[in-house]
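Overview (structure and organization)
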Amino acid sequence: MAAAEPKAPAARRLARSCWAAFWDYETPKVIVVKNRRLGVVYRLVQLLILLYFVWYVFIVQKSYQDRETGPESSVITKVKGITSSEHKVWDVEEYVKPPEGGSVFSIITRIEVTPSQAVGTCPESVRVTNASCGSDEDCAAGHLDMLGNGVRTGRCVPYYHGAFKTCEVSGWCPVEDGASVSQFLGKMAPHFTILIKNSIHYPKFQFSKGNIEKRENGYLKRCTFDEVSHLYCPIFKLGFIVEQAGENFTELAHWGGVIGVIITWDCDLDLPASKCNPKYSFRRLDPKHIPASSGYNFRFAKYYKVNGSTTRTLIKAYGIRIDVIVHGQGSFLCDWILLTFMNKNKVYSHKKFDKVCTPRQSSGSWPVTLALVLGQAPPPPCPCSKEDPGQAGRPQDEGRSQALASPPPQPRPPCDLPDQMADAPERGAGPGPCASQDSTLTDPRGLAQL
């Protein structure tokens, strides 16, 4: 207990000192060293930093701008054109699915038709797993294959053509593979025209624009898209889209595929609205080099009545699906100037900065200069005049009575030292403040304290 008692006052003193230091205000003091070589290095570093900000940050990255990505967008499409197959003429209402004119639609280029299907019994497709049979024992009655065309009846019957047999099913008959007929619609398909009407809006900047300019009536009826002469005529031929995507039209029309039409709106809103223009690009989106999943097709049916019975025509359609994708970003000048620059108080800056003039000596005086700045060397020589500078320049013919009436001059230090020199720690020994310049520059004690 006796050993712990002396520690209590020390702990209280430490706590009081920490509490008192908590309320201290600190500010760095800047020393301006007037030296040409040091200044050249300093300005070169400043120049490199300035070039980095001006070239990379402002010109390349445009970091002074506020950005908004993902504009609000609407897309309306319309396809026009007619074509023919081996059996009929096809118009837009038949080969465009769905017909609403959205951003995703399909243009049918080949079909496999299974006509006059009705609910009944018929042989299962040979493509279905375990559909082939040799006798009725191979066909379990009531079995439902999820990849088949109906419920098995338990009978093994001859197939539509050939000498083999398959299990009989109850469903829409005949099945697709048994009586389908292929028709090609792609003869005139490259000349189909597609109108893609797109409008975008950047809500953050309240900016809106579309890809159709205000022109005279009938302009869209006689123009097609050209990147140079008709940028704002968004009417594309299907053959042009496929060609720009780098695909063979005949192969694509036979097996189908997905083509993306990408519209990019990258707008610098510091410039006039006429500088914000759409950019179009085209590429295939589905994996054509994977045989198991290449191509594009879908099925639909048309229903009708025959002698009171419901029948249908099943159509397996191959076609070119168009996906219109819109993206971009808008950028606008932000308030970085207000956030970056402030007016500084001139009086505060004047009090904060001091100037130190280095002696005009050889390169060997650099350590001494640093010692002077740090207050670790004797002060530089200065004139120690016994005459008060305040009295200099007075007329000699002033009356003695006026001189006697003035208060006696106050004692002053031998020379005026800069503020940073006055704050230097006192030295127990060394030359006086008015020592010669040679003794100051070669003072070993000042260099040793570095």
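Just above sits the structure.
Below is a short write-up of the structure. (Residues numbered from 1 in each chain as written. Predicted model: local features only at pLDDT ≥ 70, side-chain atom pairs only at ≥ 80, totals over all residues. Heavy atoms only, no water.)

**Considering the overall build of the chain**
Within the chain one finds 13 helices and 18 strands. Across the 450 residues of the chain, 32% fall into the buried class. Expressed as a percentage of contacts within the chain between residues at least 6 apart in sequence, the contacts between residues at least 24 apart total 69%. Summing over all exposed atoms, the chain offers an accessible surface of approximately 29700 Å²; the carbon and sulfur share of this is 58%. (Helix = DSSP H or I, 4+ residues; strand = E, 2+ residues; numbered from the N terminus. Buried < 20%, exposed > 50% of the residue type's maximum accessible area, 1.4 Å probe, protein only. Contact = heavy atoms within 4.5 Å. Areas by Shrake-Rupley, 256 points an atom, 1.4 Å probe, with all protein chains shown as cover.)

**Remarks on the packing of aromatic side chains**
Working definition: an aromatic ring pair is given by the centre-to-centre distance plus the angle between the planes. In total, this model carries 19 aromatic pairs according to the counting rule given. Ring geometry for Tyr 52 against Tyr 56: centres 5.7 Å apart, planes inclined by 20°, an arrangement best described as stacked. In this pair, Tyr 52 and Tyr 56 are both assigned in helix 2 (residues 36-60), four residues apart and thus about one turn of the helix distant. For Tyr 56, a relative accessible area of 33% gives the class partly exposed. Aromatic pair Trp 255 and Tyr 318: ring centres 6.4 Å apart, planes at 85°, arrangement edge-to-face. One end of the pair, Trp 255, is in helix 6 (residues 249-255); the other, Tyr 318, is in strand 17 (residues 309-333), and 63 residues separate them in sequence. Of the residues examined, Tyr 318 reaches a relative accessible area of 6% and is grouped as buried. Of the aromatic side chains, those joined through ring pairs into one cluster are Phe 225, Phe 236, Phe 240, Tyr 280 and Phe 282. One residue, Lys 97, lies across the ring of Phe 300, its end atom 4.9 Å from the ring centre. One Lys or Arg, Arg 110, reaches over the ring of Trp 255 and ends 5.6 Å from the middle of that ring. (Phe/Tyr/Trp six-rings, centres within 6.5 Å; stacked < 30°, edge-to-face > 60°. Lys NZ or Arg CZ within 6 Å of the ring centre and 35° of its normal.)

**Some details on the state of the cysteines**
Inspection of the entire model under this criterion finds five disulfides. Disulfide partner of Cys 139: Cys 167, at an S-S distance of 1.9 Å. Where Cys 139 bonds to Cys 167 through sulfur, the torsion about that S-S bond is close to -85°, and the disulfide is left-handed. Of the two residues, Cys 139 sits in the loop between strand 7 (104-123) and strand 8 (150-158) while Cys 167 sits in strand 9 (residues 165-173), which places them 28 residues apart along the sequence. (Disulfide = S-S within 2.5 Å.)

**What to know about the pairing of strand 15 (residues 279-284)**
Side chains of strand 15 alternate between two faces, with Tyr 280, Phe 282 and Arg 284 buried and Lys 279, Ser 281 and Arg 283 left unburied. Where strand 14 (residues 257-268) and strand 15 come together, six bridges link them in antiparallel fashion. Bridge pairing links Ile 259 to Arg 284 in strand 15. (Pairing = 2+ DSSP bridges.)

**Re the pairing of strand 17**
Here twelve bridges tie strand 7 to strand 17, and the two strands are oriented antiparallel to one another. Looking at the pairing, Phe 105 lines up with Ile 322 of strand 17. One ladder, built from twelve bridges, connects strand 14 with strand 17; its direction is parallel. Bridged to Asp 266 within strand 17 is Gln 329. Pairing between strand 16 (residues 297-306) and strand 17: ten bridges, direction antiparallel. When the bridges of strand 17 are listed, Tyr 304 appears paired with Thr 311. The antiparallel hairpin formed by strand 16 and strand 17 contains two residues in its connecting segment, where Asn 307 sits at a positive phi of about 55°.

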